[in-house]
Amino acid sequence: MEFILSVNILNEGADTAIMRLHNANFRQPVSEFLYRNEIAWRNVSTCRNLTGILQAGIQPRWQADIHLFIEQTISYELLRAAGFDVQFTNDG
């Protein structure tokens, strides 16, 4: 399964924090968590500056997407509970 995890960082220091996200997979405890749960960290998207003007001034806001890959076995019951329609065909 491939996942895209969108990360939003707000307020002061958001620009610095979002740039550090690009190498987060090499830092503890993130690298340990990925290894223990067999999650592959593919890449992080380009950082997007979504800074907006509020009534009190400007609020720094940055966003990036983390692309993850997880190889996992999912049961038929779990897929049905999530709303997936699973059909098996015998073409042999």
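Structure's up top.
Because the structure is a prediction, the values reported are computed rather than measured.

Participant: What exactly am I supposed to notice about the overall build of the protein here?
Facilitator: Counting its regular elements, the protein contains three helices and six strands. The linear arrangement of helices and strands in the protein, starting from the amino end, is β-α-α-β-β-β-β-β-α. Over its C-alpha trace the protein gives a radius of gyration of 19 Å, far above what one expects of a compact globule, namely 12 Å for 92 residues. Projected onto its principal axes, the C-alpha positions of the protein cover 65 × 35 × 20 Å. By residue count, 22% of the 92 residues in the protein fall in the buried class. Within the protein, counting contacts between residues at least 6 apart in sequence, those at least 24 apart form 56% of the total. Just so you have it, the protein exposes about 7400 Å², and 53% of that area is on carbon and sulfur atoms.

Participant: Even after reading the chapter, I still don't get a nonpolar patch on the surface, so can you show me in this structure?
Facilitator: Residues Met1, Phe3, Ile74 and Leu78 make up a contiguous nonpolar surface patch of roughly 340 Å² in combined accessible area. Position of Met1 among the secondary structure elements: in the segment before strand S1 (2-10). You can call Met1 partly exposed: its relative accessible area is 39%.

Conventions used here
Residues numbered from 1 in each chain as written. Predicted model: local features only at pLDDT ≥ 70, side-chain atom pairs only at ≥ 80, totals over all residues. Heavy atoms only, no water. Helix = DSSP H or I, 4+ residues; strand = E, 2+ residues; numbered from the N terminus. Rg over C-alpha atoms; globule rule 2.2 N^0.38 Å. Buried < 20%, exposed > 50% of the residue type's maximum accessible area, 1.4 Å probe, protein only. Contact = heavy atoms within 4.5 Å. Areas by Shrake-Rupley, 256 points an atom, 1.4 Å probe, with all protein chains shown as cover. Patch = residues over 30% accessible without salt bridge, like charges linked within 9 Å, V, L, I, M, F, W, Y side chains within 5 Å. Salt bridge = Lys/Arg side-chain N within 4 Å of Asp/Glu carboxyl O.

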